[in-house]
Amino acid sequence: MRFLHISDLHLGKTFPVSRYGQQFAHRRRQELLDTFSRLIDFANQNQVDFILCCGDFLNSEELRVEELRNINAMIERLEHAVIVAISGNHDPQTKNSAYQKIDWSKRFYLAAPGSGRVALSAYRTIITYHSWDQKEMPEPIEIPKPSTQSGQYQILMLHADALTKSRYLPLDAQKLSEAGFDYVALGHIHKMQCVAPNVYYSGSPEPLDFGESGEHGFMMVDVEGERRRVQFVPFSQREYRQLSVQVGENDSEMSISDRIASAIIREDPHHIYTVTLEGNYPLGARWNIEKIEDDLRYKEYFCSIEDKTRPQYDIDALYRENQGNLIGDFIGSFLRRESGAEDGEKLDAERELEEKALYYGLEALLSQREPQSNPGLDNKQKREEG
Amino acid sequence: MQNLEIIRMQLIGFGKFRDRTIELSPGLNLLEGPNEAGKSTIQAFLTGMFYGFFQPGAKRRSYTPHRDKYQPWDGGSYRGVLVCRNEERTWRIERTFDKDSESVKVYDDLTGDDLTLDFAYNTVTRQVQVGEKLLGLSKTAFNNTANIAQMTCASVAQESGFSAEVSDKLLSMMKTADSSLSLSAVIHQLDSKAEQIGSPKKSKTPYGIESLREKELVEELEEAEKNEAEYQNLCEQGKSLSGEIQQLEKEKSLLEAQIRESAAKELGGRYLKAQNLRVRIERIEKEQEKYRIYQDVDPEIIDQAQKRLGAKAQITRTLEKYRRALEELNHRIQELNNLYRTLEVSGADEETLSQFDLMFERHKNLEQLRDELYQLQIKKTNVAFHRSKLSQMDGQKLEEDMQEYRRLEQMKQEKQPEKSNTAGIFVLVFGLVFVLAGVAAALFGGEMVPAAAAYGAILIGIVASATGLILLLTLRKASGKGRKGESLERICQMQQDILEDYQLSHEVDPLACLEEMLGKVQINNYKIKQFEEQENLLLEEILSKNQRVNQLDAEISAYLGRLTAKAAPLNEEDNVQESSETETVSEEQEMVWAEDSQPEKNVQSADEVRLKSLRESVNQAKRIRTDLQRLHLQQQQIMQEEENCKNQIEQINTSIQQAVDSCRAAGAQSADDLEKCRQGKRRLDEVSVELKLQKELLTETLGGYSFEELEQNVRSQKAGESDISPDRRETREKLAALNEKLSELGKQAAELEGVRRGREESQRPTGQVQAELDEVRSRCKKYQLELDAIALAKEKLLSLSGQLHRDFAPQLNARVSKAIERITNSRYSRAVIDQTLGVRLEDKKSGKLVDVSSLSSGSADLIYLVMRLELLDLLCGENRVPVIFDDSFTQLDDERTARLLSYLLEDKQRQILLFSCHSREREMLSLAQIPCHVISLNEQ
């Protein structure tokens, strides 16, 4: 018996234009469908008996009937395998669900909302599942128990968060592992991982956001009697990769674009990159990141730029030098706040705000100041420059 | 406590000054000079020496206009030295303003140590900052406080914008002595940054655009969500419809099966009918097979061929007509040819014939010539005749005879005279007369006297002459015998003989006669000569004419020869006959000519006759030729027509042959078979139509089955006779209703699909809208964060400055209040300076706060001046810096100036530089006994 464990295809997902550009956002959306089509071919070519899809098969609200029909037509191409799918937070079986909009192929079995079981008697397999009917499930559910029928291969299918305590059915991986199933197939987390013995996330066949670096694909499980082989099949068309590019105050938008482009070429231009800009930006002249991104997209490089550059000055040095004047007072007012630390996310947000405020204020203050000295540089350096 | 005072200014090269040194003393220095003396130049020199001429706040080294303004007038080195002193040491500032060698150096004036490196270095100006350190003031602060130029104090207050700027600079200075920080500019910068981001309300700013988009998206999402249910409903309707349709399709196929079964019931009757039909069809098919050969016949072609056949007949008839006409023509031509051939001139060619008239004319000429010739010959004959007549008498002999006679006479006389013979002479004379008369008649009266008569007269004359002569001779003989008896006799005889010779007798005086005769003979001889000449002339003429005649004759005869030559004789007999005829004619003519004594004339006549006779023939020949030509032309035309007809017939034959060929499959061999083919084809068509009809009937009768199936059905039906018989009509109706419903549902489904598609096109799926909304919202959030950060920075700065003001205001207020109370002679006891540097004064009497702007401009000036000085003190703290007044007291009256000066000089340690163009200040100072160092700028 051979089955595939897939999840989080997110067919129909709309990619944000601001991060992908009009053209590539559209292309990427199409690529998800292409990958599914390839998956069907893979199943046909590799004598797969059934495919388990652990939720988020569709981005239910982003698909038109025509597209649903296309997807259905792809499923119809399956020669042997059937798909057993549960719904997840992106395709819950609500009143307006996409699953209701067309008649689905007989090869596509969508588990009804809630917990249940389906038996694949031909393969002596019983699948226990929980299928979603709402967009969020903040409360954990009682972990279903395997069927009492003996001599069956017991599979549990869930769309759940076994890593963090989120609003998307948080469950304890260990408990899942101990629930008595031969294989626990999970969906929701896009990165393939084995969170506990027998408990697997297949990850999404295609990475879906800039954070999702690394290989993507699905699990292929072969069961022969007592022997079992679980393997990960990398399948994505593209990977999201991380790049960091050092920039300096002398860089222009054009030179940054060129530097990123050459960095991407060194890696592999086929993939999608998150480029982190590091270093200092020149005083009062921050680069237009969107322009750089547009330029790169125009050159057919797909990347999103994360600007982590900082203003070129050294706050501490500035503070020291300006003790007792307005600038010093200004910096001091922020430093004082910071010392009165609070906790959690709020602090982060506030810190970000304050940091920005500090930089804005300093930028304005320093640009007004008669250029008598270069803050953050010591006197010696000044002399040398002179 | 640091007290800086300027000791010496050395203007080595600055503006109008060259190597000018101005020594200053502590305390009050009054620099006097009229306009243009260089007061402002010295003031600028001071600023320049301390700070240089750099644009404050610039990011790159750039200069104020002063730098160019105070270039040395003589073009020499642009530099100066300023020596000043504080408690620490005496500073010597050396500054070169030249662009190439711009530099500043600071030395200890006493020790000469280079102190430059003790000063802060400015990376923009690339110089050490001298003024900042020595004065403890930035350039701006110095210019705003210590350096009080003409009229500036009042204008500070009047220009509120500037005052605000000054105020925040001053505020900043209060703590930092760094006036370069303009709080309002900082705030302004932050504001403009915020403006760049915009706000949700400003629809054209980035934030505004995003926020507008957010609103739109929210609306779209709401709309989409609202319609989602409806849309879902549409989808479900579609689904249920298609389910219903499937169900109906099933029912339909069931019903159709039923109908087919029930239809089998009628099969028996239909089977029989079908059988009959099949028999008929077979028969028709056989017939059709028979006529199959005519399948490819095209009646159209046959029609055309038959039409052509008709045309061919007509053309053949025409052709026959032509042939007959041609025959006729040929016949006529033959006739004419024959006729022509009968003509003597048949052998002549056209040219010869055409020459005929000319020849004829020549012939006439010839005839005339001949006549003339003939006349000439006659004339010649006559002449010859006359001559011959005349020549019979020999004059010589006559003379000798006469001599002889005379001698004889003489001898006779001598013997006996003898008797004369007069009768003989008479007759002779008579005869001669006649002869003469005849000759005359023949010669001259040719036409008047008949030839016969002339000839008769001549004849008579001759006869008479002859008789006379004989008489004479006989007489003479008689006389001669009788001459002298022998002698005489003989003499007489001899005389007689002589007379006889001349036919004279003795009767007439023979001598006289002889003499006469001799005379006559002599005349005759002359005449003969003349005749001979005449004859010769005539002969010549005759010869020439004869030649001409002969020539013409030859021409004519040649022509005739040509004319009558036989060319290609067709009929031998005719020719022979003709020639023999001609021969006869010529023989006849010859005979005639033979009879005639004048053969030449006869020959000529024969030619004439011949020409005349030919003339007719020639004319006829010409006519015939013309006719023949015409006929030949006709013949040619007809032949042409005939040829055309033949060609047409040929064409028609070809096309008919084609038609026949096309029908060859139908057995057509010739044109005669075409009609048969056409009829065959017609029959085939009829049969085919009938066959089709019968087959249709059969198909209808069979009702969807093949005959064999029908047969089988019938048989099987017969086997299971008890087949259920549902009401067929009812079932059919049901089916029809079902179909109707199906098509109705199909239509509905299509409509639904259309509506759904329309909906999809007009509205994106909610998820897509939501995704974009999230994106826009995150951008909005980002913008908001930026705005918040800016606001926070602004807030902090403002609160800090407010705090500064709060820290600082009471001090300033107290100091300014004190000074003002003094200067206004306690009219105003208290001054309140707000954050924008607006000053209000408390009227001591009324206790009301009065705004400075409501005071006189002189008072306002004074108050601002005081405020500046107090600010300066505050800014410099313990330090004292020189204060420069440039005609600053012009607005003040003497009393106030005096008060101000005493206020200024109260602080003994402050150095004051007072520039003035009036003597007023000096007078006032001396009046108030205030010591001062007066420097006249007019010196040197």
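Residues numbered from 1 in each chain as written. Chains lettered and ligands numbered in written order. Predicted model: local features only at pLDDT ≥ 70, side-chain atom pairs only at ≥ 80, totals over all residues. Heavy atoms only, no water.

Trainee: Give me the sheet that holds strand β12 (residues 227-234) of chain A: which residues, what numbers.
Mentor: Residues and elements named next belong to chain A. Read across the sheet, six strands follow the order β4-β3-β2-β1-β11-β12 without closing on themselves; strand pairing throughout is mixed. Only two strands of the sheet have a single neighbouring strand rather than two, namely β4 (108-110) and β12. Geometrically, the sheet is characterised by an average inter-axis angle of 20 degrees between neighbouring strands, direction not taken into account. Where strand β1 (residues 2-6) meets strand β2 (residues 50-54), four bridges bridge the pair, whose relative direction is parallel. Bridged to Ile-6 within β2 is Cys-53. (Pairing = 2+ DSSP bridges. Helix = DSSP H or I, 4+ residues; strand = E, 2+ residues; numbered from the N terminus. Axes fitted to C-alpha atoms, helices over the stretch in contact; angles between N-to-C directions.)

Trainee: How would you summarise the side chain of A:Thr35 if you had to cite specific residues and measurements?
Mentor: Residues and elements named next belong to chain A. Structurally, Thr-35 can be placed in helix α2 (residues 22-45). Residue class for Thr-35 comes out buried when judged on its relative accessible area of 2%. Apart from the residues within four sequence positions on either side, Thr-35 is in contact with Pro-205, Glu-206, Phe-235 and Gln-237. (Buried < 20%, exposed > 50% of the residue type's maximum accessible area, 1.4 Å probe, protein only. Contact = heavy atoms within 4.5 Å.)

Trainee: Could you give an account of the pairing of strand β3 (residues 28-32) of chain B, naming the residues involved and the relevant values?
Mentor: Residue and element names in this part refer to chain B. Burial of β3 is extensive: five of the five residues sit out of reach of the surface. Burial along β3 is two-sided: the face carrying Leu-28, Leu-30 and Glu-32 and the face carrying Asn-29 and Leu-31 are both buried. As judged from the five bridges shared by β3 and strand β15 (residues 912-916), these two strands associate in the parallel manner. Considered in β15, the bridge of Glu-32 is made with Ser-916.

Trainee: Run through the pairing of strand β13 (residues 240-247) of chain A, naming residues and quoting values.
Mentor: Residues and elements named next belong to chain A. Bridging between β13 and strand β14 (residues 272-281) involves eight bridges; their strand directions are parallel. Each bridged residue has a counterpart across the sheet, and for Gln-246 the counterpart in β14 is Glu-278. In this fold, the crossover linking β13 to β14 by way of helix α5 (residues 253-267) has right-handed handedness. (Right-handed = clockwise from strand over helix to strand, strands pointing away.)

Trainee: For the confidence of the model for chain B, give the residues involved together with the corresponding values.
Mentor: Residue and element names in this part refer to chain B. For chain B, the average pLDDT comes to 77, and 83% of its residues sit at 70 or higher. Long-range and interchain partners of residues 151-162, a stretch whose pLDDT sits below 50, account for 13 contacts in this model, where long-range means more than four residues apart. We note a pTM of 0.49 for the whole complex and an ipTM of 0.76 for its interfaces. (pLDDT = per-residue confidence, 0-100.)

Trainee: Quick rundown of the nonpolar core? Include the residues and the values.
Mentor: All names here are of chain B. Ranked by size, the top nonpolar core spans 87 residues in total, and within it Met-9, Phe-50, Phe-885 and Leu-900 carry the most contacts. Looking at this core element by element, the count peaks at 13 residues for helix α24 (residues 857-876). Setting aside chain neighbours within four positions, we find Met-9 in contact with Arg-20, Thr-21, Ile-22, Leu-24, Ile-42, Phe-45, Leu-46, Val-81 and Leu-82. With 49 residues, the next largest nonpolar core counts Ile-315, Leu-631, Ala-659 and Val-660 among its residues. (Core = buried A, V, L, I, M, F, W, Y, C linked by side-chain atoms within 4.5 Å.)

Trainee: I'd love a proper account of the interface of chain A and chain B, names of residues and values included.
Mentor: Counting residues at the interface gives 49 residues for chain A and 57 residues for chain B. Taken together, both faces of the contact between chain A and chain B bury some 4,900 Å²; the carbon and sulfur share is 55%. Summed over the shared surface of chain A and chain B, the result is five salt bridges. Among the salt bridges present, the one from B:Glu753 reaches A:Arg69, with a minimum N-O distance of 2.9 Å. The tally of links between chain A and chain B comes to 15 residue pairs in polar contact (both at pLDDT 80 or more). Within the residue set of the side of chain A that touches chain B, elements represented by two or more residues are α1 (17-20), α3 (65-76), α8 (326-339), α9 (344-368) and α10 (379-385) of chain A. When residues of the side of chain A that touches chain B are assigned to their parent elements, the largest contribution, 12 residues, is made by α9(A). Split by residue class, the side of chain A that touches chain B holds 15 nonpolar, 13 polar and 21 charged. (Buried area = accessible area lost by both parts, 1.4 Å probe. Salt bridge = Lys/Arg side-chain N within 4 Å of Asp/Glu carboxyl O. Polar contact = N/O pair within 3.5 Å; in protein donor to acceptor, adjacent residues only side chain to side chain. Nonpolar A, V, L, I, M, F, W, Y, C, P; charged D, E, K, R; others polar.)

Trainee: Tell me what's going on with the sheet that holds strand β10 (residues 199-201) of chain A, and back it up with residues and numbers.
Mentor: All names here are of chain A. As summarised here, the arrangement of the six strands in space is β5-β6-β7-β8-β10-β9, forming an open sheet in which the pairing is mixed. The open sheet has two edge strands, β5 (114-120) and β9 (193-196), and neither has a second partner. The average angle at which neighbouring strand axes cross in this sheet is 25 degrees, direction not considered. Summarising the sheet, strand β8 (residues 183-187) and β10 pair through three bridges and their orientation is parallel. Paired with Ala-185 across the two strands is Tyr-200, which belongs to β10.

Trainee: Explain the packing of α2(A) against α3(A) residue by residue, including any values.
Mentor: Residue and element names in this part refer to chain A. With their axes 9 Å apart at the nearest point, α2 and α3 run at an angle of 20 degrees to one another. Accordingly, the angle class assigned to the pair α2 and α3 is roughly parallel. Contact with α2, carried on its side by Arg-29, Leu-33, Phe-36, Ser-37 and Ile-40, involves Glu-67, Ile-71, Met-74 and Ile-75 of α3 and no other residues of that element. For the contact of α2 with α3, the class distribution of residues is six nonpolar, one polar and two charged. (Parallel < 35°, antiparallel > 145°, perpendicular 65-115°, else oblique.)

Trainee: Provide a residue-level description of helix α6 (residues 289-298) of chain A, including the pertinent values.
Mentor: Residues and elements named next belong to chain A. Every buried residue of α6 is listed here: Ile-289, Ile-292, Glu-293, Leu-296 and Arg-297. Looking straight down α6, one finds that the buried residues subtend no more than 135 degrees of arc, so they occupy a single side. Of the exposed residues in α6, those oriented more than 90 degrees away from the buried face are Lys-291 and Tyr-298. Taking the backbone nitrogen of Glu-290 as reference, a side-chain oxygen 3.2 Å away marks Asn-288 as the first, capping residue of α6. At the exit of α6 stands Glu-300, carrying a positive phi of roughly 70 degrees. (Arc of directions from axis to C-beta.)

Trainee: Any chance you could break down the pattern of salt bridges for me, citing the residues and the numbers?
Mentor: What the rule picks out here adds up to 61 salt bridges over all chains. For A:Glu31, the salt bridge identified is with A:Arg238, shortest N-O distance 2.8 Å. Of this pair, A:Glu31 sits in helix α2 while A:Arg238 sits in the loop between β12 and β13, placing them 207 residues apart in sequence. On the basis of relative accessibility, which here comes to 7%, the residue A:Arg238 falls in the buried class. Its salt-bridge partner being B:Lys226, residue B:Glu223 comes within 3.9 Å of it at the nearest N-O pair. Taken as a pair, B:Glu223 and B:Lys226 lie in helix α8 (residues 206-263) at a separation of three residues, close to a single helical turn. Its relative accessible area of 37% is what places B:Glu223 among the partly exposed residues.

Trainee: Pulling in residues and values, what's your account of α24(B)?
Mentor: Over its 20 residues, α24(B) extends 28 Å from the first C-alpha to the last, a length consistent with the 28 Å expected when each residue adds 1.5 Å. Among the 20 residues that make up α24(B), 19 are buried, leaving the element largely enclosed by the rest of the structure. (Expected span 1.5 Å × (residues − 1).)

Trainee: Report on the packing of aromatic side chains, specifying residues and quantitative values.
Mentor: Under the criterion given, the structure shown has 30 aromatic pairs over all chains. With a centroid separation of 4.8 Å and an interplanar angle of 35 degrees, the aromatic rings of A:Tyr20 and A:Phe210 are classed as tilted. Linking A:Tyr20 in helix α1 with A:Phe210 in the loop between β10 and β11 (217-224), this pair joins segments that are 190 residues apart in sequence. According to the relative accessible area criterion, A:Tyr20 is buried, its value standing at 1%. Judged by centre distance (5.3 Å) and plane angle (80 degrees), the ring pair of A:Phe210 and A:Tyr240 falls under edge-to-face. Here A:Phe210 is found in the loop between β10 and β11, whereas its partner A:Tyr240 is found in strand β13, with 30 residues between them in sequence. The exposure classification of A:Phe210 matches that of A:Tyr240, with both residues buried. By the ring-pair criterion, three or more aromatic residues cluster together here, those being A:Phe3, A:Phe50, A:Tyr123, A:Tyr153, A:Tyr183 and A:Tyr200. It is B:Arg67 that lies over the ring of B:Tyr63; its NZ or CZ is 4.0 Å from the centre. (Phe/Tyr/Trp six-rings, centres within 6.5 Å; stacked < 30°, edge-to-face > 60°. Lys NZ or Arg CZ within 6 Å of the ring centre and 35° of its normal.)

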